[in-house]
There are 2 protein chains.
Amino acid sequence: MSMSSILTVYLGSSLFVVSLVWFLFGKIQFPPLHLRKNSQLDKLLMCWWAFTGLTHMVLEGYFVFSPSFSKTTLLVISLKSVRKEYSKGDSRYAGRDSAVIAVEGITAVIEGPASLLAVYAIAKGKSYSYVLQLAVSLGQLYGCLVYFITAFLEGDNFATNAFYYYSYYIGANGWWVLIPLLISYRSWIKICETSDNVDTKTQKKKKKSLECSSLFVVLIFG
Amino acid sequence: MSMSSILTVYLGSSLFVVSLVWFLFGKIQFPPLHLRKNSQLDKLLMCWWAFTGLTHMVLEGYFVFSPSFSKTTLLVISLKSVRKEYSKGDSRYAGRDSAVIAVEGITAVIEGPASLLAVYAIAKGKSYSYVLQLAVSLGQLYGCLVYFITAFLEGDNFATNAFYYYSYYIGANGWWVLIPLLISYRSWIKICETSDNVDTKTQKKKKKSLECSSLFVVLIFG
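Calculation criteria
Chains are numbered independently. Their residues run from 1 in the order of the written sequence. All chains are assigned letters beginning at A, and all ligands numbers beginning at 1, according to the order in which they are written. Residue-level local features of this predicted model are given only where pLDDT is at least 70; pairs of side-chain atoms are given and counted only at 80 or more, and the full residue set underlies all totals for whole chains, interfaces and linings. Note that water and hydrogens are dropped before the side-chain values are worked out from all heavy atoms of the structure. Secondary structure follows DSSP: runs of H or I at least 4 residues long count as helices, runs of E at least 2 residues long count as strands, and numbering of each begins at the N terminus. Think of it in three bands: residues with accessible area under 20% of the maximum for their type are buried, residues over 50% are exposed, and the middle band is partly exposed, with areas taken using a 1.4 Å probe on protein chains only. Here a residue-residue contact requires only that any non-hydrogen atoms of the pair lie within 4.5 Å. Methods summary: accessible areas were calculated by the Shrake-Rupley approach with a probe of 1.4 Å, and residue burial reflects only the protein chains presented. Each reported salt bridge corresponds to a side-chain nitrogen of Lys or Arg within 4 Å of a carboxyl oxygen of Asp or Glu. Take the accessible area each of two parts loses on contact, using a 1.4 Å probe, and add the two losses: that sum is the buried area. When residues are sorted by character, Ala, Val, Leu, Ile, Met, Phe, Trp, Tyr, Cys and Pro go into the nonpolar class, Asp, Glu, Lys and Arg into the charged class, and all the rest, Gly among them, into the polar class. Confidence scores labelled pLDDT are given residue by residue by the predictor and lie between 0 and 100. What sets the superposition is a least-squares fit of C-alpha atoms, and only residues with pLDDT of at least 70 in both copies go into it. Grouping buried Ala, Val, Leu, Ile, Met, Phe, Trp, Tyr and Cys residues that are joined through side-chain atoms within 4.5 Å yields what is termed a nonpolar core. UniProt positions are given in the numbering used here, feature names are shortened, and annotations may be inferred rather than shown by experiment. A helix's residues, less one, multiplied by 1.5 Å, set its expected span. Aromatic contacts are taken between Phe, Tyr and Trp rings whose centres are within 6.5 Å, Trp giving its six-membered ring; a plane angle under 30 degrees counts as stacked, one over 60 as edge-to-face, and the others as tilted. Working rule: Lys NZ or Arg CZ, within 6 Å of ring centre, within 35 degrees of ring normal, means a charge sits over the ring. Lines fitted to the C-alpha atoms define the axes, with helices restricted to the stretch that makes contact. Angles between their N-to-C directions range from 0 to 180 degrees. Comment on the angle field: the value is read as roughly parallel under 35 degrees, roughly antiparallel over 145, roughly perpendicular from 65 to 115, and oblique elsewhere. When the near helix sits turned anticlockwise from the far one by under a right angle, the crossing is termed left-handed; a clockwise turn instead gives a right-handed crossing.

J.: Explain the overall build of chain A here, please?
T.: When helices and strands are tallied, chain A shows seven helices and zero strands. Ordered by position from N to C terminus, the α and β elements of chain A give α-α-α-α-α-α-α. The burial tally for chain A puts 49% of its 222 residues in the buried class. In chain A, once contacts between residues fewer than 6 apart in sequence are set aside, the share between residues at least 24 apart is 75%. Of the roughly 11300 Å² that chain A leaves accessible, carbon and sulfur atoms contribute 69%.

J.: When you look at the pattern of salt bridges in this model, what are you seeing that I'm missing?
T.: Oppositely charged side chains are able to pair whenever their charged atoms sit close together. Residues and elements named next belong to chain B. Enumeration according to the criterion identifies four salt bridges over all chains in this entry. The salt bridge involving Glu-85 is made with Lys-88; its shortest N-O contact spans 3.0 Å. Residue class for Lys-88 comes out partly exposed when judged on its relative accessible area of 29%. Between Asp-90 and Arg-92 there is a salt bridge, and its shortest N-O distance comes to 3.1 Å.

J.: Just to check I follow, could you spell out the interface of chain A and chain B for this structure?
T.: Bring the parts together and some accessible area is lost; that lost area is often taken as the interface size. Taken together, the 41 residues of chain A in the interface contact 40 residues of chain B. Between chain A and chain B, a total of about 3600 Å² is buried, with carbon and sulfur atoms accounting for 77% of that surface. Considering only the surface of chain A that becomes buried against chain B, Ile106(A), Ser127(A) and Tyr142(A) emerge as the three largest contributors, covering 19% of it. Taken together, chain A and chain B are joined by zero salt bridges. Where the side of chain A that touches chain B is concerned, the elements lending two or more residues are helix H4 (98-124), helix H5 (129-153), helix H6 (162-199) and helix H7 (205-221) of chain A. With 13 residues, H5(A) is the largest single contributor of residues to the side of chain A that touches chain B. Taken together, the residues of the side of chain A that touches chain B sort by class into 25 nonpolar, ten polar and six charged.

J.: Can you help me understand the confidence of the model for chain A in this one?
T.: For any part of a model where pLDDT is low, the fine detail of the predicted coordinates should not be relied upon. Residue and element names in this part refer to chain A. For chain A, the mean per-residue pLDDT works out to 85, and 85% of the residues sit at or above 70. Summarising per-element confidence for chain A, the mean pLDDT is lowest in H7 (73) and highest in H5 (96). Both confidence scores are given for the complex: pTM 0.86, ipTM 0.85.

J.: Mind showing me how you'd approach the environment of Ser91(B) here?
T.: Turning to its location among the elements, Ser91(B) is positioned in the loop between helix H3 (74-87) and helix H4 (98-124). Put simply, Ser91(B) and Leu44(B) are 47 residues apart on the chain and 33 Å apart in space, counted from C-alpha to C-alpha.

J.: Just to check I follow, could you spell out the relation of the copies chain A and chain B for this structure?
T.: Mapping between the two copies of the chain is achieved by a rotation about an axis and a shift along the axis. Relative to chain B, chain A is turned by 180 degrees and slid 0.0 Å along the rotation axis, the superposed coordinates differing by an RMSD of 0.0 Å. Interpreted geometrically, this transformation is the action of a two-fold axis. Closest approach to the rotation axis within chain A is made by the C-alpha atom of Ala99(A), at a distance of 2.8 Å. Most of the interface of chain A is mirrored in chain B, where 98% of its interface residues are also at the interface.

J.: Got a minute to help me understand the nonpolar core in this structure?
T.: Side chains of nonpolar character tend, in soluble globular proteins, to be buried together. In terms of nonpolar packing, the biggest core is built from 68 residues, with Trp49(A), Leu132(A), Trp188(A), Trp49(B), Leu132(B) and Trp188(B) touching the most fellow members. What Trp49(A) contacts, discounting residues up to four positions off in sequence, is Ser115(A), Leu116(A), Ala118(A), Val119(A), Ile122(A), Gln133(A), Val136(A), Ser137(A), Gln140(A) and Ile183(A).

J.: Would you explain the UniProt feature "transmembrane region" (unreviewed entry) in chain A in this entry?
T.: Residue and element names in this part refer to chain A. Following the UniProt record, one finds the feature "transmembrane region" (unreviewed entry) at residues 6-25, 46-65, 99-123, 130-153 and 165-185. Helix makes up 100% of residues 46-65 and strand 0%. Its end C-alpha atoms lie 27 Å apart. Its end C-alpha atoms 34 Å apart, residues 130-153 is made of 100% helix and 0% strand.

J.: What exactly am I supposed to notice about helix H3 (residues 74-87) of chain A here?
T.: The α-helix winds at 3.6 residues per turn, so residues separated by three or four positions along the chain end up facing the same way. The terminal C-alpha atoms of H3(A) lie 20 Å apart, and with 14 residues this matches the ideal 20 Å at 1.5 Å per residue to within 8%. Of the positions making up H3(A), those classed as buried are Val76(A), Ser78(A), Leu79(A), Ser81(A), Glu85(A), Tyr86(A) and Ser87(A).

J.: Can you walk me through the packing of aromatic side chains in this structure?
T.: Under the defined criterion, the tally for this structure stands at 35 aromatic pairs over all chains. When the ring of Trp48(B) is compared with that of Trp176(B), the centres are 5.7 Å apart and the planes differ by 45 degrees; the resulting orientation is tilted. Of the two residues, Trp48(B) sits in helix H2 (residues 39-65) while Trp176(B) sits in helix H6 (residues 162-199), which places them 128 residues apart along the sequence. Pair check on accessibility: Trp48(B) and Trp176(B) agree, each one buried. Through a chain of ring-to-ring contacts, the aromatic side chains of Phe63(A), Tyr86(A), Tyr93(A), Tyr147(A), Phe148(A), Phe163(A), Tyr164(A), Tyr165(A), Tyr166(A), Tyr168(A) and Tyr169(A) assemble into a single cluster. Looking at Arg92(A), its charged tip hangs above the ring of Phe158(A), at a distance of 5.2 Å from the centre. Seen from the ring of Phe63(B), Arg96(B) lies directly overhead, with NZ or CZ sitting 5.1 Å from the centre.

J.: In this structure, what is going on with the packing of H2(B) against helix H5 (residues 129-153) of chain B? I would like to understand it.
T.: Helices that pack against each other are described as a pair by the angle of their axes relative to one another and the distance between those axes. Residues and elements named next belong to chain B. Packing of H2 against H5 brings their axes to within 13 Å, and their N-to-C directions diverge by 50 degrees. Classified by the interaxial angle, the pair formed by H2 and H5 is oblique. In the packing of H2 onto H5, the handedness of the crossing is left-handed. Contact residues: Leu-45, Trp-48, Trp-49, Thr-52 and His-56 in H2; Gln-133, Val-136, Ser-137 and Gln-140 in H5.

Next up, the structure:
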């Protein structure tokens, strides 16, 4: 399969899932999304969690457990092509590097299903919605850190050329740094706010909220 | 340095720090610990965070950044001996394996200072206390997962003999699986409870609390 057909299939099926979540989940949630503040943001977040959860489980799950796929179906051939294509950006995927398999394994087995659960949690307005989103996002960030640091320590020389380095290795993974960073920041703030509402008086709230958000920034950026 | 003197220095200095936290922090916290529920548990948690934070920053920080220590002081000699001793349980520490350095680097630079901050957060009853403890504990668990999975994938054959395998590799690291698991479970529940208090009526609380705790167990244990 060529690069363009692989990207078309991946982006096309992702777009299909995202549209499905966007249009379908407007009807079955509780409390109804249109009665909440930030209903559009909640819908966007559900789309992200559906997309990232399926990517973790299907693409990354295949990479980790591929030796046990013996049947050659169209899906397996497609997944093999995706892996081969991505290896141009990071040859450790072809060489089955143990750090990469460990990170991808954790991502596929724990974070994949947990991401899909986040879609449900947001739709139903569950009490664990923010803490679940925070936990999964921090896991994604930790995974990216291990992924980038191990490559850096081993010479950062795993791409076929600069195009694949910047488009696949940096470009594709960059989204899994940026978006989890934004989501974990928001979830962290929301959890702190809830705790403030319960514990303390309202006049202290603004000061506490500022303290809480600056703490997150310091923790993540050093 | 012999094994017994290394262990004596490590455990002795840890005991010193833990005692300091236990006896000193009784006086400077707000709201006062003796006025809280679970005050003894909070004190125990502060001791754990002080101990684990210093271990991350001193022992693991030295391992990651050791090439830049040029001066030979008594502390550096001791730390070198600890690393040499621990390498008997996992020879990847002597070989500077990149996955181990990546995990130890994240632990030393982010989780070490964050653990010490948790001591302060518990003492002062900060609103971010539980979310911080959850984030650091999940980070420790993720680190242990990567640490054990990479060793397993590479043959699980890095110990000098069975004694060092079980006492250092399994025994010492086991505490950093068990305790973060307990703390993240407790923090998760506390965050969900707070969210329940704000969002819903009391009669739904018990059901929600059960749902929330069983979700955590399913997420972690598969």
